[in-house]
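Structural overview
So the chains spell out like this:
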Amino acid sequence: MARPEVVVGWLLGADLRDPELLAAYELARERVRELLAEALPEFEWKSPYAERRVHLPRGGLDPVGLLEMGVDEKLHRRWDFAIVIVPNELIPRHRPYALGLSSRALEVAVLSTSRLSTGERLVEEITALALHFLGHLFGLEHAGAGPMRPVLEPGDLVPEPYRPGEIAQIRAYLKRVVITRLEEESERWNAVSFYLETLRQDPGSVFRQVLEHAPWRLPLYLGRFTAAAAVSTVYLVITSDAWALAASLPPAGIVGFTLVALLFSTFFLFHGQDLGRLGHERTWREQLARTRIVLFLTLGLGMLSLWALVFALTLVAGAAFPRSLLVQWAGRDAVLPFAGFAAALGVVAAAMGGNLEEEAEIKAELFIDEED
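Think of each chain on its own: its residues are numbered from 1, step by step along the sequence as written. Where local features are concerned, this predicted model is filtered to residues with pLDDT of at least 70; where side-chain atom pairs are given and counted, the filter is 80 or more; whole-chain, interface and lining totals use all residues. Computation of side-chain values: all heavy atoms of the structure, hydrogens and water removed.

Some points on the nonpolar core
Here, nonpolar core means buried Ala, Val, Leu, Ile, Met, Phe, Trp, Tyr and Cys residues that are tied together by side-chain atoms lying within 4.5 Å of each other. Buried means the residue's accessible area, taken with a 1.4 Å probe over protein chains only, is under 20% of the maximum for its type, while exposed means over 50%, and partly exposed covers the values in between. By size, the foremost hydrophobic cluster in this structure holds 55 residues, and its most contacted members are Leu66 and Leu67. By size, the runner-up hydrophobic cluster in this structure holds 46 residues, among which are Leu36, Ile83, Ala109 and Met148.

Below, the structure written as structure tokens:
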């Protein structure tokens, strides 16, 4: 019986001509394949190589563009995972510098060799860095030892095999995600059935991946997104007509309005930021469907988190107002319904403001899980 294939493609993302660096990349690529084959011999490991010499081999590069380049190549060549490697510095998000990063949603990692050593030591460091970020793509978390030890300095990079518990976790992940792709089971799908079947295949893994993105952090990192919600809420809080309108709505109406606002805002921001456009593939691909589901749910939970934040702050603001004034404005004590109404409108305003965010900023928050 043939062993199932796992294809980890390597993509050179810069116009690199240095023969020493190119040779080191080649040696590291083969070494990573050998270590994976030793750890999980029940799979047939392949490591094809491709080039997209679209960047100069110097200067800082935006990792979001490299991730999108990697996912495009991965889908086009039907790789399971992709590693994009460049000699450039990566522009970090939350650290002084970044040696690499990973995106489980896209199943792509990006490695930078700008701060690594030379010669044989360079091959070891690339190998260790690749194993670390592949581990994240396989669902592994940081550990105190082994290849998943957090990378603090380039000198920490030493190639080590995955530990037994990590191997078992990788094996389970690959059996669940890679071995059977939906597009290989049927050629006749429509949009609804394909996405529902993708979610039904392994909903637990999808929701774990969503939670790993920490969607509740979106209001903290997207300034214009949160500012739009804040401005609209402040305006509503000091407007008597808004209080009167909220007081006149039945509880079911406010709940329904909130659900509609959350769905509308999520769809509006998802399509406004073009988050569903991944690569140039137009056929049914489970990888694409799964990624879009994860991104959409992550964004939806981010909007729900913003709603909860605005709701709580509006309750506090309402409690600070004189009760006699609120009764005069609303005809009754309507702090609770007003908070729900204002939070729903705040979410809609946030979606409008979110489309003023730089596209790369939102994609960075949604795509990137680990940066070391």
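Thoughts on the pattern of salt bridges
By convention in these notes, a salt bridge is any Lys or Arg side-chain nitrogen within 4 Å of a carboxyl oxygen on Asp or Glu. Scanning all chains against the criterion turns up 18 salt bridges. With its nearest N and O atoms 2.3 Å apart, the salt bridge here joins Glu42 to Arg171. Here Arg171 lies in helix 4 (residues 164-177) and Glu42 lies in the loop between helix 1 (19-39) and strand 2 (44-46), a separation of 129 residues in the sequence. Taking relative accessible area as the criterion, Glu42 reaches 26% and is therefore assigned partly exposed. A residue is classified by how much of its surface remains accessible, and Arg171, at 25% relative accessible area, is partly exposed. Each helix is a run of DSSP H or I of at least 4 residues and each strand a run of E of at least 2, with the numbering of both proceeding from the N terminus.

Re helix 3 (residues 119-137)
In this model, helix 3 (19 residues) spans 28 Å end to end at C-alpha, consistent with the 27 Å of a helix rising 1.5 Å per residue. Buried residues dominate helix 3, accounting for 15 of its 19 residues. The length a helix should cover is 1.5 Å for every residue beyond the first.

Concerning the layout of surface pockets
As a volume, the largest pocket reaches approximately 300 Å³. Around the largest pocket, the lining is made up of 12 residues, and of these Tyr195, Phe267, Arg292, Ile293 and Phe296 lie nearest the centre. Contributions of two or more residues to the lining of the largest pocket are made by helix 5 (191-201), helix 10 (251-272) and helix 11 (286-320). Here the term charged refers only to Asp, Glu, Lys and Arg, the term nonpolar to Ala, Val, Leu, Ile, Met, Phe, Trp, Tyr, Cys and Pro, and the term polar to all other amino acids, Gly among them. For the lining of the largest pocket, the per-class residue count stands at 10 nonpolar, 1 polar and 1 charged. In the cavity and pocket records, a cavity denotes points on a 1 Å grid over the protein atoms alone where a 1.4 Å probe fits but cannot get out, a pocket denotes an open set with protein on both sides within 12 Å along at least 5 of 7 lines, and lining residues are residues with an atom within 4 Å of a point. Grid points are joined across faces, edges and corners, and a volume is the space filled by probe spheres set on the points.

Thoughts on the side chain of Thr233
As for its position among the elements, Thr233 is in helix 8 (residues 223-237). Apart from residues lying up to four places away in sequence, Thr233 is in contact with Val310, Thr314, Ala342 and Gly346. Residue contacts are defined here by distance: any two heavy atoms, one from each residue, within 4.5 Å place the two residues in contact.

Notes on the pairing of strand 1 (residues 5-12)
Burial analysis of strand 1 places 7 of its 8 residues in the buried class, the great majority of the element. With 3 bridges joining them, strand 1 and strand 2 adopt parallel strand pairing. If you follow Val6 over to strand 2, its bridge partner there is Trp45. If DSSP finds at least two bridges between two strands, the strands pair. Taken together, the 5 bridges between strand 1 and strand 5 (residues 81-86) define a ladder with parallel strand orientation. The partner of Leu11 across the bridge, within strand 5, is Val84. Where strand 1 meets strand 3 (residues 49-51), 3 bridges bridge the pair, whose relative direction is parallel. Counted as the bridge partner of Trp10 is Tyr49 from strand 3.

Things to note about the environment of Pro215
Residue placement: Pro215 occurs in the loop between helix 6 (203-212) and helix 7 (218-221). Classification of Pro215 by relative accessible area gives buried; the value is 1%. A C-alpha to C-alpha distance of 18 Å links Pro215 and His271, two positions 56 residues apart in sequence. Setting aside residues up to four positions removed in sequence, Pro215 forms contacts with Val210, Thr298, Leu301, Gly302 and Ser305.

Quick notes on unusual backbone geometry
Positive phi is not limited to glycine here, since Arg78 has a value of about 60°. Looking at where Arg78 falls in the secondary structure, it is placed in the loop between helix 2 (63-77) and strand 5. In the Ramachandran plot, Glu107 falls in the positive-phi region, its phi being about 60° despite a non-glycine side chain. The topology assignment puts Glu107 in the loop between strand 7 (100-103) and strand 8 (108-112).

Some points on the side chain of Asp372
Of note, Asp372 is situated in the segment after strand 9 (370-371). Buried charge Asp372 goes without a salt bridge, the closest partner of opposite sign being Arg95 at 4.1 Å. Neither His nor the chain ends is counted toward charge; the positive residues are Lys and Arg and the negative residues Asp and Glu.

A word on the packing of helix 9 (residues 240-248) against helix 12 (residues 323-330)
Interaxial angle, 0 to 180 degrees, is taken between N-to-C directions of lines fitted to C-alpha atoms, where a helix line uses only the stretch in contact. Axis separation between helix 9 and helix 12 bottoms out at 7 Å; the angle between their running directions is 70°. Taken as axis vectors, helix 9 and helix 12 run roughly perpendicular relative to one another. Residue-level contacts link Ser240, Trp243, Ala244 and Ala247 of helix 9 to Leu326, Trp329 and Ala330 of helix 12. Angles are sorted into four bins: roughly parallel if under 35 degrees, roughly antiparallel if over 145, roughly perpendicular if 65 to 115, and oblique for all others.

Looking at the packing of aromatic side chains
Think of it this way: a Phe, Tyr or Trp ring, Trp meaning its six-membered ring, pairs with another when their centres are within 6.5 Å, and the plane angle makes it stacked under 30 degrees, edge-to-face over 60, tilted otherwise. Within the structure shown, the criterion is met by 12 aromatic pairs. Pairing Phe81 with Phe138 gives two aromatic rings, centres 5.1 Å apart and planes at 85°, and the pair type is edge-to-face. Pair noted here: Phe81 is in strand 5 and Phe138 is in the loop between helix 3 and helix 4, with a separation of 57 residues, a long-range link. On the accessibility criterion, Phe81 (0% relative accessible area) is buried. The structure contains a cluster of three or more aromatic residues connected by ring pairs, namely Phe43, Trp45, Phe81 and Phe138. In this arrangement the basic side chain of Arg115 is found over the ring face of Tyr97, its NZ or CZ atom lying 4.1 Å from the centre. Put simply, a charge is over a ring when the Lys NZ or the Arg CZ is close to the ring centre, within 6 Å, and near the line of the ring normal, within 35 degrees.

Observations concerning the pairing of strand 7
Residues Gly100 and Ser102 point to one face of strand 7 and Leu101 and Ser103 to the other, with burial holding for every one of them. Where strand 7 and strand 8 come together, 4 bridges link them in antiparallel fashion. Looking across to strand 8, one finds that Leu101 is bridged to Val110. Linking strand 7 to strand 8, which pair antiparallel, is a turn of 4 residues; within it Glu107 sits at a positive phi near 60°. Of the strand pairs in this sheet, strand 7 and strand 9 are connected by 2 bridges, and their pairing is antiparallel. Across the sheet, residue Leu101 finds its bridge partner in strand 9, namely Glu371.

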